[in-house]
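Summary of the model geometry
The lines below spell out each chain.
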Amino acid sequence: MKRTKIFYWIFTGLFSLMLTGGAMMYLTQYDTVAEMLISLSYPVFIIYPLAIAKLLGVTAIISNKFKTLKEWAYAGFLFELLLALQAHIMAGDGEFAGPIMALVLLSGSYVFGKILEAESK
């Protein structure tokens, strides 16, 4: 169980840092993010709501207080990251390593979290 917990926190911690860093960039570097989103054919009005959603989702996953909310946060991140991956592939900009890495970290966090739940019962 200790080993599972270590892996869970490694994946969850790295994922949380990655998404929090992205959200902070959205909040502090609006013009840069706006240019990136325009190149990916996304509207710029989603910058602040997406940053807030990312911060709330990370909070839901780390706090681990409400299981349903945590599941919805994982689902929301899955959809957001799949759309980001698809947007980068369609744009042909070669910047799809970030979404793939985040998807790997998200998957690891989710799987090890489920294993921890099963072990603690």
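Look a little higher up for the structure.
Residues numbered from 1 in each chain as written. Predicted model: local features only at pLDDT ≥ 70, side-chain atom pairs only at ≥ 80, totals over all residues. Heavy atoms only, no water.

**Concerning the side chain of Thr-12**
Within the element layout of this structure, Thr-12 appears in helix α1 (residues 2–28). Its relative accessible area of 1% is what places Thr-12 among the buried residues. In terms of polar contacts, Thr-12 uses its side chain to reach the backbone carbonyl oxygen of Tyr-8, at 2.7 Å. Setting aside its immediate chain neighbours within four residues, Thr-12 contacts Ile-61, Ile-62, Tyr-74 and Ser-109. (Helix = DSSP H or I, 4+ residues; strand = E, 2+ residues; numbered from the N terminus. Buried < 20%, exposed > 50% of the residue type's maximum accessible area, 1.4 Å probe, protein only. Polar contact = N/O pair within 3.5 Å; in protein donor to acceptor, adjacent residues only side chain to side chain. Contact = heavy atoms within 4.5 Å.)

**Focus: a nonpolar patch on the surface**
On the surface, Met-18, Ile-89, Phe-96, Ile-100, Met-101 and Val-104 cluster together into a nonpolar patch covering about 510 Å² of accessible area. With respect to the helices and strands, the residue Ile-89 is situated in helix α4 (residues 67–91). (Patch = residues over 30% accessible without salt bridge, like charges linked within 9 Å, V, L, I, M, F, W, Y side chains within 5 Å. Areas by Shrake-Rupley, 256 points an atom, 1.4 Å probe, with all protein chains shown as cover. Salt bridge = Lys/Arg side-chain N within 4 Å of Asp/Glu carboxyl O.)

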